[in-house]
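Report on the structure
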Amino acid sequence: MIYEGKAITVKEIEGGIAQLDFDLQGESVNKFNRLTIEELGAAAEALKSQKNLKGLVVTSSKDSFIVGADITEFTELFAGSEEDLVANNLKANEVFNAIEDLPFPTVTAINGIALGGGFEMCLATDYRVMAPKAKVGLPEVKLGIFPGFGGTVRLSRLVGVDNAVEWIAGGTENRADAALKVGAVDAVVEAGKLVDAAVAIINQCNEGKLDNLARREEKKGKIKLNAMESMMAFEISKAFVAGKAGKNYPAPVEAIKTMQKHAGMTRDKAIEVEAKGFAKMAKTNVAACLVGLFLNDQALKKKASAWEKEASDVKLAAVLGAGIMGGGVAYQSALKGTPIIMKDINQDGITLGLNEAKKQLVKRVDKGKMDAGKMADVLNSITPTLNYGDFKNVDLVVEAVVENPKVKDIVLRETEDMVRDDAIITSNTSTISIDLLAKNLKRPENFCGMHFFNPVHMMPLVEVIRGAKTSDRAIATTVAYAKAMGKTPIVVNDCPGFLVNRVLFPYFGGFIGLVRDGADFQKVDKVMEKFGWPMGPAYLLDVVGMDTGKHAGAVMADGFPDRMKHEGTTAIDVMFDNNRYGQKNDKGFYKYELDRKGKQQKVVDEETYKLLEPVVQGKNEFSDEDIIARMMIPLCLETVRCLEDGIVEDPADADMGLIFGIGFPPFRGGALRYIDDLGVDKFVELADKFADLGPLYHPTEKLREMAKTGKKFFG
Ligand SMILES: NC(=O)c1ccc[n+]([C@@H]2O[C@H](COP(=O)([O-])OP(=O)(O)OC[C@H]3O[C@@H](n4cnc5c(N)ncnc54)[C@H](O)[C@@H]3O)[C@@H](O)[C@H]2O)c1
């Protein structure tokens, strides 16, 4: 044994060749935590001091190679000063450099996923062999940073600027064939033969057939481009990547700038440049938010896994109503492997639902994601019906009929009589209280909400809503079914609108007020899109549909009349009254026309301004700041209320719900983190400035208390 630690062991395997094996004790995967880096340094020392070694093979004893850095250490690490971060990176890089400088040929055997720091480890050795199913990449930009263990230096020299930009600025995970093509790895071999292949490479080096030192020098030298080529490669990619990533995500462009800066330098100087750029990015609020988001997502996954342990099996599901939502639920369930019965009361509905599923499947086949045989299997696992024939075999039902409490009441009671006593019944209602719907049920313990978002196959969130009488088994089974469908479930308590719509409608309330006070709805859209929303509020209303918006708005107003009831006619009323329902009938705040490719295009319609005249009281010019404040304060305050009322369990659930449910800008981390970042006291001050606009803008007493005591939602 040459070295033995808790994450790494090094031993001689054959003919003077050593094996350095990553196997982090007590963890299911290898990751670069502090311990692993320290041990790697010690292992490198031990290897250097050995006499007569002929080579090194780096391996992993886990299914994955190394999944990346330990992100749970980031928040604390990034809280340090920029100087500390630079020093920290340089220290870690000494370890990677020591591996790179070992006095014999080195090869990494990449058996599984090698991402971030894991792939930077691979880059430190002279050669890389990779299993066909493994994946490699540097996805750091997804956390608002870029590689900091020499990745920008080594990869750009190994695969060239264009490829390095694509991998690093795009944060792509790359398959073996792609990695081989650009030269990021040297061979692709079956997992069981990786070590043999690595040993063969080492032997060839020692026999003089391969020149590992030349390879090493290439990685440690300057990028081989003349000034003109360099300028072209970097400037063009900077412009392209800036356009794609947008101003709100600075890391991809900074990564390119960093590579440009160190292009003419050799390794040690280049690593210093990388460390400085890395530290700058690690100190941005974007990085803090994206790291927070990752951790919240992990927490959410843990909660869902805990629920899954208590779940009953769902071998057969059913959906009631084959409309937009019912059709989507049937498709998604079948696609992910749970057969489903789709019931409607009229044949047209069924045809529509099946056609919708077919359309999605054809798209998959066209994109090469599925073959015709699999498509037929999926379609066959959707059983359309007009009656309750097979419902005795059903384990879980999703009710997705029209949003009308009376209709739903009848349908739910009818269903309860048709299914087994232990079957779980859920409703996809978007606004109606689960307790209200449970009122006439015989087994309310088996009932809860299962709120999907439109379009079902695209939107990741499912709100699982617990009524007063809902059992843990019902929640657990619904959570497990949502996960089986590939969705992210969040368990919330019952109230009108639950979490997502309860928070969305106050945001629309902000919009209605702005238009009333003379703001140009197009400007509001532009400002909010620049802020980071995927679409502005007027455009979003067009997508949701004015009928749905008006109807759900009325339910919310009933539930929270003090702040969600609007006096007089609103902009939404005007659109609705003029049959401008939005995208569904090609006219809402905007007009929708087909472009040459047959795609629906949003176009400005002067008519909208004329129609809105009666509701506009005065002409005001609003600054971008005021628009943002008037839109965001109601949304943020309602999120605070959801937390205080126990609708969500914790701030992480609330923020993730908004990111997954309505596309809250991820780089801002969510509504509660946004308040934290402004400063709770500053946020309350800002809200008070708009107090005249009514209760939507009035902070809760608890929030005022937090402002006084300096408490935050996170950390
Ligand atoms: N559309 C959305 O954006 C959206 C998003 C989330 C949740 N929801 C909710 O999903 C539910 C369905 O909405 P949708 O947009 O799919 O409506 P939809 O009008 O497209 O479909 C409703 C379907 O239910 C059928 N139906 C009516 N009574 C029935 C009965 N007794 N038994 C079986 N089928 C019956 C109708 O024939 C129709 O096909 C509503 O509760 C809605 O609030 C909708």
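As a reminder, the structure under discussion sits directly above these lines.
So, here is what we can say about the structure in this document. Per chain, residues are indexed from 1 in the order of the written sequence. Only residues with pLDDT of at least 70 get local features here, since the model is predicted, and only at 80 or more are side-chain atom pairs given and counted; chain-wide, interface and lining totals rely on the full set of residues. Each side-chain value is derived from all of the structure's non-hydrogen atoms; neither hydrogens nor water enter the calculation.

1. Structural notes on the nonpolar core
So the rule is basically this: Buried Ala, Val, Leu, Ile, Met, Phe, Trp, Tyr and Cys residues that are joined via side-chain atoms within 4.5 Å together make up what is termed a nonpolar core. A simple rule labels every residue: compare its accessible area, found with a 1.4 Å probe on the protein chains alone, to the largest value its type can have, and call it buried under 20%, exposed over 50%, or partly exposed in between. Helix and strand labels come from DSSP, where a helix needs a run of H or I of at least four residues and a strand needs a run of E of at least two; each type is numbered from the N terminus. What fixes the domain bounds is an automatic or database domain assignment. Contact between two residues is taken to exist if any of their heavy atoms lie within 4.5 Å; hydrogens are not considered.
Counting 105 residues, the largest nonpolar core has Met528, Phe589, Met632 and Leu635 as the members making the most contacts within it. At 11 residues, the largest contribution of residues to this core is made by helix H27 (residues 624–644). The residue makeup of this core includes at least three contributed by each of domain 2 (314–494) and domain 3 (500–709). Beyond its immediate chain neighbours, meaning those up to four positions away, methionine 632 contacts Tyr507, Met528, Phe531, Trp533, Phe664 and Tyr674. With 92 residues, the next largest nonpolar core counts Leu20, Phe32, Leu47 and Ala176 among its residues.

2. Section: the packing of aromatic side chains
The description of an aromatic ring pair uses the distance of the two centres, along with the angle that the planes make with each other. What counts is decided by this rule: The criterion for an aromatic pair is that two Phe, Tyr or Trp rings (for Trp, the six-membered ring) have centres within 6.5 Å, with stacked assigned to planes under 30 degrees apart, edge-to-face to planes over 60 apart and tilted to the rest. For a Lys NZ or an Arg CZ to count as sitting over a ring, it must be within 6 Å of the ring centre and within 35 degrees of the ring normal.
One pass over the structure, following the stated rule, counts 23 aromatic pairs. Measuring from ring centre to ring centre gives 6.3 Å for tyrosine 539 and tyrosine 590, while their planes differ by 75°; the resulting arrangement is edge-to-face. Taken together, the residues span a long stretch of sequence, with tyrosine 539 in helix H22 (residues 537–544) and tyrosine 590 in the loop between helix H25 (571–577) and strand S19 (591–594) at a distance of 51 residues. Judged by relative accessible area, which is 3%, tyrosine 590 ranks as buried. Between phenylalanine 690 and tyrosine 697, the ring centres sit 6.3 Å apart and the planes meet at 40°, which makes this aromatic pair tilted. Judged by its relative accessible area of 3%, tyrosine 697 is buried. Taken together, Phe511, Phe521, Tyr539, Phe589, Tyr590, Tyr592 and Tyr609 form an aromatic cluster joined through their ring pairs. A cation over an aromatic ring shows up here: lysine 343 above the ring of tyrosine 388, its NZ or CZ 4.5 Å from the ring centre.

3. Notes on the sheet that holds strand S8 (residues 135–137)
Convention followed: A pair of strands counts as paired when DSSP detects no fewer than two bridges linking them.
Read from one edge of the open sheet, 3 strands run S6-S8-S9, paired in mixed fashion. In this open sheet, the two edge strands, each paired with only one partner strand, are strand S6 (114–115) and strand S9 (173–175). Note: S6 against S8, 2 bridges, orientation parallel. Bridge pairing links leucine 115 to glycine 137 in S8.

4. Re helix H15 (residues 347–366)
The condition is simple: How far a helix is expected to stretch is found by multiplying one less than its residue total by 1.5 Å. The reported arc concerns the directions from the helix axis to the C-beta atoms and nothing else.
Here H15 contains 20 residues, and its C-alpha end-to-end distance of 28 Å stays within 8% of the 28 Å for a straight helix at 1.5 Å per residue. Buried within H15 are the following residues: Gly349, Ile350, Gly353, Leu354, Ala357, Gln360 and Leu361. Down the axis of H15, the sector holding all buried residues measures 125°, keeping them to one side. The outward face of H15, more than 90 degrees from its buried face, is lined by the exposed residues Asp348, Leu352 and Asp366. Packing partners of the buried residues in H15 comprise helix H14 (324–335), strand S12 (340–343), helix H16 (372–380) and strand S13 (382–385). Just past H15, the residue glycine 368 takes up positive phi, approximately 80°.

5. With respect to the sheet that holds strand S11 (residues 317–320)
For clarity, the threshold we go by: Here an angle of 0 to 180 degrees is reported between the N-to-C directions of two axes, which are lines fitted to C-alpha atoms, with helices fitted over the stretch in contact.
Read across the sheet, 8 strands follow the order S13-S12-S11-S14-S15-S16-S17-S18 without closing on themselves; strand pairing throughout is mixed. Because the sheet does not close on itself, it has two edges, and the strands there are S13 and strand S18 (488–493). On average, adjacent strands in this sheet sit at an angle of 25° to one another, irrespective of strand direction. Sheet analysis places strand S14 (residues 396–399) next to strand S15 (residues 424–427), joined by 4 bridges and oriented parallel. Across the sheet, residue glutamate 399 finds its bridge partner in S15, namely serine 427.

Nothing here speaks to function; it is all geometry.
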